[in-house]
Amino acid sequence: MGLQGLCRLMSRFNSYKRTNIILQHLKMSNHTDAAAEVLLERKGCAGVITLNRPRFLNTLTLGMIRQIYAQLKKWEQDPKTFLIIIKGAGEKAFCAGGDIRDSCQKPYIALIHGITMGGGVGVSVHGQFRVATEKSVFAMPETAIGLFPDVGGGYFLPRLQGKLGYFLALTGFRLKGRDVYTAGIATHFVDFEKLGMLEEDLLALKSPSKENIADVLETYHAKSKTDQDKPFILEEHMDKINSWFSANTVEQIVDNLQQDGSSFALEQLKVINKMSPTSLKITLRQLMEGSSKTLPEVLIMEYRLSQACMKGHDFHEGVRAVLIDKDQSPKWKPADLKEVTDEDLNDYFKSLGSNDLKF
């Protein structure tokens with residue numbers, strides 16, 4: 001993967017002018033103090049990116065995106081930079097929002113400690129190495145605000161084990177700690193208290209190969225005993241999740257959950273019934289189509305979806321209800337799954353012609 005994802009996301013930010021007040025509440029506005037919000041340093045053999053907005057859970061701004069993009073291009077051409085490390089300042093969050101994807105040709109290591117949602121997923125999950133800790137929290141909660149998992153979610157979610165990605169996308173279920181690794185979202189698990197030592201050992205490598213980097217990560221991973229024997233939180237439910245979420249329509253998934261009738265099934269049904277019906281249908285089709293697309297093809301599809309969502313009702317209403325007024329009572333339009341027609345869905349996925357995303 002190259003840097004095309006960032007180009008796409010910068011273009012998308014510029015198209016979001018009509019939702020400026022919403023983006024401010026999402027902490028995605030274009031701050032002028034981007035230099036203090038992201039730290040870009042050469043240390044040892046690595047380029048180190050630190051998202052530096054701990055008070056705002058290290059959410060991303062357009063200024064930060066532009067800085068990261070420019071620096072990554074420089075580091076890609078620098079023969080003395082052998083790997084990239086990205087991390088979040090503070091102990092609470094890696095990155096909880098914004099929306100970029102900045103994988104590059106050199107080994108890319110994301111230390112996904114703390115809250116990892118939205119843009120945090122975008123700047124980590126597409127990289128070669130993703131390190132979780134016992135304090136990691138992963139979720140894709142977009143259907144609750146009338147959106148969809150738009151950080152390449154259509155690519156990586158359907159490639160998780162079974163139908164786990166479909167479940168996570170439609171319900172916004174949160175994974176914590178070692179479960180983030182077990183689910184396949186992280187490639188390694190390291191105790192939080194060892195994270196600083198891991199970074200120091202990575203920085204001390206001399207002209208490292210990808211294998212050298214992997215060896216260091218594997219050494220720390222093997223030594224981590226935290227929750228080592230704890231079963232995956234969804235382990236006892238995976239067979240049913242794989243069955244329920246194999247359906248080709250959201251209506252059938254809902255029917256599957258109703259027919260099962262177990263407490264876990266009804267709990268998920270309750271969650272899904274609160275989500276935007278339009279978002280649910282968009283998301284299911286996004287993952288189904290994305291399962292056989294390349295990442296660039298998925299990004300083109302998601303760009304189309306993002307433009308349609310910006311023009312629609314539910315994203316604005318969802319952000320109002322969840323993030324602005326915080327009444328947690330969005331009034332979705334349409335309010336029922338049956339009212340979201342195939343024709344409506346096709347409009348979200350249709351080509352934008354000359355305005356389509358280009359790489």
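Quick caveat, the model's predicted, so the values are computed rather than measured.

Q: I'd like a description of the confidence of the model for the protein chain, backed by residues and values.
A: Summarising the model, the protein chain shows a mean pLDDT of 88, and 88% of its residues fall at 70 or more. Scored below 50 in pLDDT, residues 1-5 makes 18 contacts in the model with residues more than four places away or belonging to other chains.

Q: Just give me the short version of the nonpolar core, but keep the residues and values in it.
A: Of all hydrophobic cores here, the largest spans 58 residues; its most connected members are L175 and L234. By residue number, the principal contributor to this core is helix 7 (residues 164-171), which donates six residues. Residue contacts for L234: discarding those within four places in its chain leaves L164, F167, F173, L175, I241 and F264. Within the second largest apolar cluster, 19 residues are counted, among which are L83, L198, I213 and Y220.

Q: Run through the pattern of salt bridges, naming residues and quoting values.
A: Evaluation of the coordinates by the stated rule reveals twelve salt bridges. The salt bridge involving K135 is made with E91; its shortest N-O contact spans 3.8 Å. In this pair, K135 is assigned in the loop between strand 7 (129-132) and strand 8 (137-139) and E91 in the loop between strand 3 (83-88) and strand 4 (93-95), connecting sequence segments 44 residues apart. Ionic pairing is found between D327 and R320, a salt bridge with its closest N-O pair at 2.6 Å. A cluster of three or more residues bridged by salt bridges with shared partners is formed by E317, R320, D325 and D327.

Q: Hey, could you go over unusual backbone geometry for me, with residue numbers and the actual values?
A: Residue P334 is bonded to the preceding K333 through a cis peptide linkage, with omega at -5°. You can see P334 is positioned in the loop between helix 16 (314-324) and helix 17 (342-349). Despite not being glycine, L57 has its phi angle at roughly 55°, a positive value. Mapped onto the secondary structure, L57 falls in the loop between strand 2 (46-51) and helix 4 (62-77). Residue class for L57 comes out partly exposed when judged on its relative accessible area of 26%. Of note, the phi angle at D227 is positive, near 55°, even though the residue is not glycine.

Q: With reference to specific residues and values, describe the sheet that holds strand 4.
A: In a beta sheet, neighbouring strands are held together by backbone hydrogen bonds and run either parallel or antiparallel to one another. The mixed open sheet is built from four strands, whose spatial order is 4-6-8-9. Strand pairing shows two members of the sheet lacking a second neighbour, strand 4 and strand 9 (175-176), which therefore form its edges. As paired elements, strand 8 and strand 9 share two bridges and run antiparallel to each other. Bridge pairing in strand 9 links V137 to K176.

Q: Give me the lowdown on helix 9 (residues 195-203), citing residues and values where you can.
A: Three or more residues of helix 9 are buried, namely L195, L198, E199, L202 and L203. The arc that holds every buried residue of helix 9, seen down its axis, measures 130°, which confines them to one face. As for helix 9, its buried residues are in contact with strand 1 (38-43), strand 2, strand 3, strand 5 (108-111), strand 7 and helix 10 (210-223).

Analysis parameters
- Residues numbered from 1 in each chain as written.
- Predicted model: local features only at pLDDT ≥ 70, side-chain atom pairs only at ≥ 80, totals over all residues.
- Heavy atoms only, no water.
- pLDDT = per-residue confidence, 0-100.
- Contact = heavy atoms within 4.5 Å.
- Core = buried A, V, L, I, M, F, W, Y, C linked by side-chain atoms within 4.5 Å.
- Buried < 20%, exposed > 50% of the residue type's maximum accessible area, 1.4 Å probe, protein only.
- Helix = DSSP H or I, 4+ residues; strand = E, 2+ residues; numbered from the N terminus.
- Salt bridge = Lys/Arg side-chain N within 4 Å of Asp/Glu carboxyl O.
- Pairing = 2+ DSSP bridges.
- Arc of directions from axis to C-beta.

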